[in-house]
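Take a look at the letters that make up each chain.
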Amino acid sequence: MTVNVIADSAVGESGETAAADLRRVFATGRTRSLHWRLDQLAGIEALCDEQEPAIARALASDLGRPPVEAWLGDIASTKGEATYARKHLKKWMRRIRQPLPVAQLPGRGWVQYDPLGVVLVIGPWNYPFYLSVAPLVAAISAGNCAVLKPSELAPATSELLTDVLPKYVDDQAFRVIEGDGGTTQNLIAQGFDHVLFTGGTEIGRKIMAAAAPTLTPVTLELGGKSPVIVTADADLDVAARRVAWVKLMNSGQTCIAPDYVLADSAVVDAFTDKVIGYIDKFRSQDRDSGLRIVNRRQFDRLKELIDTTSGTIVAGGRTDVGSLSVEPTVVRDPAPTDAVMTDEIFGPVLPIISVESTTAAVGFVNSRPKPLALYVFTNSRQLGRELVDAIPSGGAVINHVAMHCLVPQLPFGGVGASGMGQYHGRWGFEALSHRRAVLAKSARPDLKLTYPPYTDSAVKIMRRLF
């Protein structure tokens, strides 16, 4: 698509005036039209199609991710969000008529979705393309301008976004600004109309605190320890295969990866054996090497989790600092107070704990901060729903892992320590829009009894009307 190119100096090369620069663009009204929004969404789809090899190379450089995982985890998921939004946006933008009470007749009432203005998207390093551009899809759908701040811990993807995004979207309405945490703090201080951050809980607290002085609303997509509950009647092959597959993806560095498993004591040994078997099968071509971790800090943290656990390491456990790699590791029955059970793992380490009942599993999960996701494996539809209802979480999946993230019709987000606010599909459109109430009245009739001074009879009538 064709876009207008403007000099960096015109929009604040360092990002110090990014919010003000984009407010001037937003004030022109160009971002409000359906046609403009559809053009931008089509641009995101074209970006995913035409730049897939470049995106895959960047992800391989930053994370060691193979091309298939790059396509599935970052490219296809991003394009899916843009395609879904483009197909449904016209319907989302319609005014929603509301009935009025008798006292407000004649008149009309409706809710309309107005753009917020200028949005700041702060992306993470673990899925640096998807979790940067998918929130941008929500901002576009809602008719906003936006600044995208990619993670400095994924430098190749950050550089790629800086280079190619302006070729596919309106480069006067969207900016990519690279930098570290200081850059992020400086951007937030400018006072955006909304901040959408994806990352860890501790950084999320800092983002929220930084947004408070300007009363900037925030959407925080955080993490937490997402549990898997495997009941006695579950299909163990399916459960083990799906848990192992998602746990290995991106070296376990996925916010909605299964963090630990609570398996019924009747099946825990069989389930453990099957998980180990599927890990070995999925890594049959790479079993002599570990899984690459993003940097030394994360590697040291994961090594400490493995070295200090009181549980039994039944598979894996080896690490290599030279390659920053960690072997897929299965730990049986660590103490609830172990770091591997109190800290979000965010790596290829899977604790499996035996529980005597689903009641015990519910109590265990609910004694801890609310997770981003809950996964339940059972052949009983009723039991699956009961467990989902009994355990608060950001999202939940029955008989699979993490797939809810790929469904744009479902809202995605956390609760409590795992985040606040939701996006994806219509939910992202609404999150980055102002839901505005409008009441339209006619000039006549204009009942004089509603104005002072009030007579006793007028008050009686008003009490009946209002």
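This is a predicted model, so every value here is computed, not measured. (Residues numbered from 1 in each chain as written. Predicted model: local features only at pLDDT ≥ 70, side-chain atom pairs only at ≥ 80, totals over all residues. Heavy atoms only, no water.)

1. Describing the domain arrangement of the protein
Piece 1. As far as domains go, the protein holds domain 1 (17-222 + 418-438) and domain 2 (227-406).
Piece 2. Each of domain 1 and domain 2 has a C-alpha centre, and the two are 31 Å apart.
Piece 3. At the interface, 17 residues of domain 1 touch 16 residues of domain 2.
Piece 4. Between domain 1 and domain 2, the buried area comes to about 1500 Å², and carbon and sulfur atoms account for 54% of it.
Piece 5. Broken down residue by residue, the surface that domain 1 buries against domain 2 is led by W125, Y127 and S418, which jointly contribute 32%.
Piece 6. Scanning the region where domain 1 abuts domain 2 turns up zero salt bridges.
Piece 7. Inspection of the domain 1/domain 2 interface yields twelve residue pairs in polar contact (both at pLDDT 80 or more).
Piece 8. Secondary-structure elements contributing two or more residues to the side of domain 1 that touches domain 2 are α3 (52-63) and α4 (67-92).
Piece 9. Among the elements that make up the side of domain 1 that touches domain 2, the one with the highest residue count is α3 (four residues).
Piece 10. The residue inventory of the side of domain 1 that touches domain 2, partitioned by class, reads eight nonpolar, six polar and three charged. (Domains from an automatic or database assignment. Contact = heavy atoms within 4.5 Å. Buried area = accessible area lost by both parts, 1.4 Å probe. Salt bridge = Lys/Arg side-chain N within 4 Å of Asp/Glu carboxyl O. Polar contact = N/O pair within 3.5 Å; in protein donor to acceptor, adjacent residues only side chain to side chain. Helix = DSSP H or I, 4+ residues; strand = E, 2+ residues; numbered from the N terminus. Nonpolar A, V, L, I, M, F, W, Y, C, P; charged D, E, K, R; others polar.)

2. Section: the packing of helix α9 (residues 236-248) against helix α10 (residues 268-282)
Piece 1. One way to put it is that α9 packs onto α10 with a least axis distance of 8 Å and a crossing angle of 50°. Viewed along their axes, α9 and α10 adopt a mutual orientation that is oblique. Crossing of α9 over α10 shows right-handed handedness. Touching L236, D237, A239, A240, R241, V243, A244, W245 and L248 of α9 are A270, F271, K274, V275, Y278, I279 and F282, all from α10.
Piece 2. Of the residues assigned to the contact of α9 with α10, the class counts are 13 nonpolar, no polar and three charged. (Axes fitted to C-alpha atoms, helices over the stretch in contact; angles between N-to-C directions. Parallel < 35°, antiparallel > 145°, perpendicular 65-115°, else oblique. Left-handed = near helix turned anticlockwise from the far one by under 90°.)

3. Concerning empty space enclosed by the protein
Piece 1. If you walk through the whole model with that rule in mind, you get four cavities of 30 Å³ or more.
Piece 2. A volume near 230 Å³ is recorded for the largest cavity.
Piece 3. Surrounding the largest cavity, 16 residues form its lining, Y127, T254, I256, C405 and L406 being those nearest its centre.
Piece 4. Of all the elements in the fold, those that place two or more residues in the lining of the largest cavity are α4, α5 (130-141) and α9.
Piece 5. Among the residues forming the lining of the largest cavity, the class breakdown is 14 nonpolar, two polar and no charged.
Piece 6. Counting contributing residues, the lining of the largest cavity receives three or more from each of domain 1 (17-222 + 418-438) and domain 2 (227-406). (1 Å grid on protein atoms, 1.4 Å probe; cavity = no way out; pocket = protein on both sides within 12 Å on 5 of 7 lines; lining within 4 Å. Points joined across faces, edges and corners; volume = space filled by probe spheres on them.)

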